[in-house]
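Structural description and commentary
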Amino acid sequence: MIVASLLLIIIDPRFTQHRVPTPSARDRIVPLRPSLVSSSFPDQPSCASRQQLPQWRSSSSSNSSNKSPASPYLLSRIRDYEQRHKRCDPHSESFLRNSQELLTRSKDLAPDCRYIVWVPVNGLGNRMLSLASSFVYALLTDRVLLVDFDDSMSGLFCEPFPDDATWLLPGDFTFKGRSNGEKFRGVYSLGNLLEKSEKKHDEEIAVQATALLYLYLSGDNNYDMLFYRDDTQKLLTNVPWLVLRSDQHFVPYFFVMPGFRAELDRLFPDKEAVFQHVGRYLFSPTNRVWGRVARFYDTYLAKAEQRIGLQVRVFYPDKTPASLMLPHILRCMQVVSGILPRLQQNETSPTSSATRSRTLKAVLVASLLEEFYTELKDMYWMRPAADDGEGGVYQTSHEGWQETGNGAHNVKALVDIYLLSMCDVLVTSHFSTFGYVAHSLAGLRPWYLQNPGDYEAKRNEPACVRAVSPEPCFHFHPYYDTNSANHGDAAGGGPAPVIMNCEDYEWGFKLANLKY
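Residues numbered from 1 in each chain as written. Predicted model: local features only at pLDDT ≥ 70, side-chain atom pairs only at ≥ 80, totals over all residues. Heavy atoms only, no water.

Moving on to the overall build of the protein chain. Of regular secondary structure, the protein chain possesses 19 helices and 12 strands. Once local pairs closer than 6 in sequence are excluded, the contacts in the protein chain between residues at least 24 apart make up 75%. For the protein chain, the accessible area works out to roughly 22,500 Å², and carbon and sulfur atoms hold 52% of it. (Helix = DSSP H or I, 4+ residues; strand = E, 2+ residues; numbered from the N terminus. Contact = heavy atoms within 4.5 Å. Areas by Shrake-Rupley, 256 points an atom, 1.4 Å probe, with all protein chains shown as cover.)

Another point: the pairing of strand β3 (residues 212-216). The buried count for β3 comes to five of five residues, which makes it a mostly enclosed element. Here β3 shows two buried faces, one formed by L212, Y214 and Y216 and the other by L213 and L215. With five bridges connecting them, β3 and strand β4 (residues 241-245) associate as parallel partners. Following the sheet pairing, L215 is matched in β4 by L244. (Buried < 20%, exposed > 50% of the residue type's maximum accessible area, 1.4 Å probe, protein only. Pairing = 2+ DSSP bridges.)

Time to look at the pairing of strand β2 (residues 144-147). Put simply, side chains in a regular strand alternate between the two faces of the sheet. The side-chain alternation of β2 yields two buried faces, one formed by V144 and L146 and the other by L145 and V147. Taken together, strand β1 (residues 115-119), helix α6 (residues 124-141) and β2 form a β-α-β motif whose crossover is right-handed. (Right-handed = clockwise from strand over helix to strand, strands pointing away.)

What follows deals with the nonpolar core. With 119 residues, the main nonpolar core has Y228 and F254 as its most contacted residues. The biggest single contributor to this core is α6, with 11 residues. Counting 26 residues, the second-largest nonpolar core is a separate cluster that includes C332, F372, Y373 and A463. (Core = buried A, V, L, I, M, F, W, Y, C linked by side-chain atoms within 4.5 Å.)

Attention shifts here to the state of the cysteines. Per the stated rule, a full pass over the model turns up four disulfides. Across a sulfur-sulfur distance of 2.1 Å, C47 and C158 are joined as a disulfide pair. Here the disulfide of C47 and C158 is right-handed, its torsion about the S-S bond being about 105°. Taken as a pair, C47 in the loop between α2 (25-29) and α3 (49-59) and C158 in the loop between β2 and α7 (181-188) lie far apart in primary sequence, 111 residues in all. Using a relative accessible area of 4% as the deciding quantity, one classes C47 as buried. Overall, the relative accessible area of 7% leaves C158 in the buried class. Residue pairing for C473: its cysteine sulfur links by disulfide to C502, the two sulfurs lying 2.0 Å apart. Its torsion about the S-S bond being 95°, the disulfide of C473 and C502 is classed as right-handed. (Disulfide = S-S within 2.5 Å.)

To continue, consider the confidence of the model for the protein chain. This prediction gives the protein chain a mean pLDDT of 81; 74% of its residues lie at or above 70. In this model, residues 1-34 is a region of pLDDT below 50 whose contacts with residues beyond four sequence positions or in other chains number 62 contacts. Predicted confidence for residues 481-495 stays below pLDDT 50, and this span has 31 contacts to residues more than four positions away or in other chains. (pLDDT = per-residue confidence, 0-100.)

Relative to the elements of secondary structure, S397 occurs in the loop between β7 (389-394) and α17 (407-421). When its relative accessible area of 12% is taken as the criterion, S397 is described as buried.

Let us look at helix α15 (residues 322-336). When the terminal C-alpha atoms of α15 are compared, their 20 Å separation across 15 residues agrees well with the 21 Å that a helix rising 1.5 Å per residue should span. When α15 is considered as a whole, its buried residues turn out to be L324, M325, L326, H328, I329, L330, R331, C332, M333 and Q334. (Expected span 1.5 Å × (residues − 1).)

This part is about the packing of helix α4 (residues 72-88) against α6. In the contact formed by α4 and α6, the axes pass within 10 Å of each other and the chain directions differ by 90°. As far as their axial angle goes, α6 and α4 are roughly perpendicular. From α4, L74, R77, Y81 and R84 reach across to α6, where they touch F135, A138, L139 and L140. Counted by class, the contact of α4 with α6 contains six nonpolar, no polar and two charged residues. (Axes fitted to C-alpha atoms, helices over the stretch in contact; angles between N-to-C directions. Parallel < 35°, antiparallel > 145°, perpendicular 65-115°, else oblique. Nonpolar A, V, L, I, M, F, W, Y, C, P; charged D, E, K, R; others polar.)

The next point concerns the pattern of salt bridges. All chains considered together, the criterion is met by 12 salt bridges. A salt bridge links R79 to E82; the shortest N-O distance between them is 2.8 Å. Placement of the pair is R79 and E82 together in helix α4, with a separation of three residues, close to one helical turn. Note on R79: relative accessible area 25%, which makes it partly exposed. Close ionic contact of K271 with D265 constitutes a salt bridge, the shortest N to O distance being 3.4 Å. What makes D265 partly exposed here is its relative accessible area of 22%. Through salt bridges that share partners, R77, R84, D142 and E263 make up one connected network. (Salt bridge = Lys/Arg side-chain N within 4 Å of Asp/Glu carboxyl O.)

Across a sheet, paired strands are connected by hydrogen bonds in the backbone, their directions being either parallel or antiparallel. The parallel open sheet is built from four strands, whose spatial order is β2-β1-β4-β3. Bordering the open sheet on either side are β2 and β3, each of which pairs with just one other strand. Each neighbouring strand pair of the sheet contributes to a mean axis angle of 25°, computed without reference to strand direction. Where β1 lies against β4, five bridges are found, and the strand directions are parallel.

We now examine the packing of aromatic side chains. Taken as a whole and judged by the stated rule, the model has 33 aromatic pairs. Taking the centre distance of 5.6 Å and the plane angle of 80° together, the rings of F149 and W167 count as edge-to-face. With a gap of 18 residues between them, F149 in the loop between β2 and α7 and W167 in the loop between β2 and α7 connect regions that are remote in the sequence. The exposure classification of F149 matches that of W167, with both residues buried. Arranged with centres 6.1 Å apart and planes meeting at 50°, the rings of Y228 and F474 form a pair that is tilted. On the criterion of sequence distance, the pair formed by Y228 in the loop between β3 and α10 (230-236) and F474 in the loop between β10 (464-466) and β11 (499-501) is long-range, its members being 246 residues apart. As far as the burial class goes, Y228 and F474 line up, both buried. In this structure an aromatic cluster arises from ring pairing among Y137, F227, Y228, F250, Y253, F254, F260, F474 and F509. When the ring centre of Y73 is taken as origin, the NZ or CZ atom of R266, which lies over that ring, is 3.8 Å away. Seen from the ring of Y316, K319 lies directly overhead, with NZ or CZ sitting 5.6 Å from the centre. (Phe/Tyr/Trp six-rings, centres within 6.5 Å; stacked < 30°, edge-to-face > 60°. Lys NZ or Arg CZ within 6 Å of the ring centre and 35° of its normal.)

Phi at N122 is positive, roughly 65°, even though this residue is not glycine. Examined against the element boundaries, N122 turns out to sit in the loop between β1 and α6. Using a relative accessible area of 37% as the deciding quantity, one classes N122 as partly exposed. Positioned with a positive phi, D164 is a non-glycine residue whose angle comes to about 60°. With respect to the element layout, D164 can be found in the loop between β2 and α7.

Right, here's the structure in full:
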């Protein structure tokens, strides 16, 4: 049965077509909407996930959709943002005027719209994290978020804002350095400007005379990292165009900044649901993606009493081959967490389900490699579980390696992200931004697989640890000297501690509802 299922996954054309499944009778009778999504959206067949995903989440007993509702203040600020976006989007006269100002930079013309332009870098997980962070920054600074998608991002997400507004930067829109980010970074970047002007003590004059600045927030330049200081944010207020390039989830550090903290506390009273609210609002998969998600879920996962998601990212295959990772995974899932049942010692023929009472579990394996899926499938097929559990092991695809600039690869990756986010329990790889997005969208505290490294040296250490918070990790946050104007510590720099070191990467920061 499991072998037949595998063949179906690979060759069944249903999983390559874009047709969206017809909603059930319940869905048609009870047209639920997520609270953050505007009622101005029509019931668009072109973006079925915008309605169907919230309907699924509201009917899932294990999903945390309703455990932490969005704050009324966040709802209000998002409605305000949508009006601003409509007034300033690329279809508007304001955009045309501001585009002309970018070329002429008339000092007498005050911009009526200010923009943050997001530029993609690295893999899909990194991109979704940094894009969500950029939207939070737009909310905090009254800017309009535009995206400069490359071809590999085309067709992944529906337009997030109502009234036919677009967040797509026009293809014919030109700014210096758009086609050469590294060259542009050196000439027009915030870090470069601050470094040069520091010696002349004219930072304010230099920044305010600039129409456009490039923000390179990937953690390798101390002057670029001055972006996270309140005094730098004041300088940026009158710069109409900011172009941001980052592969990080940088929201946590905003909670360290006194200038942002009070507003953030009103927007997000629950610090463990920040990405969940923003990500669910901002990202609605297109029918191209959602059709595959819905069909796979209905076929293989829907009938299970428990859906278990396993995401395995092997960063260094030479050092941690599958033969080393698999025992590590089993130690986590069978011994440490107890998520998977242990197996009987001897191989036996599977007992008829008619003679035994079984708990139906479905294990979804998301990995670039096939070995983990194959080994788990064969293991549970040949040796029944000791606790009478029953289930199947499934995988949607196994690409072999990451192809960041490949659109078809990104579609498969996004399918896996959303299927993982629809599971009841998650085990994800340490340091993986792909895993962060999945468990944060779900609002689940995952088990993080630790890097096995030297297995002999680490055999007495736990194979995985349970996350304190569902929020993603900010890997490469800024470090300032002790004389910095607002150096934040791990307590979060505010009236209540909200920042902790990441469970899977001790140098990183993440948000949590901490109680000391």
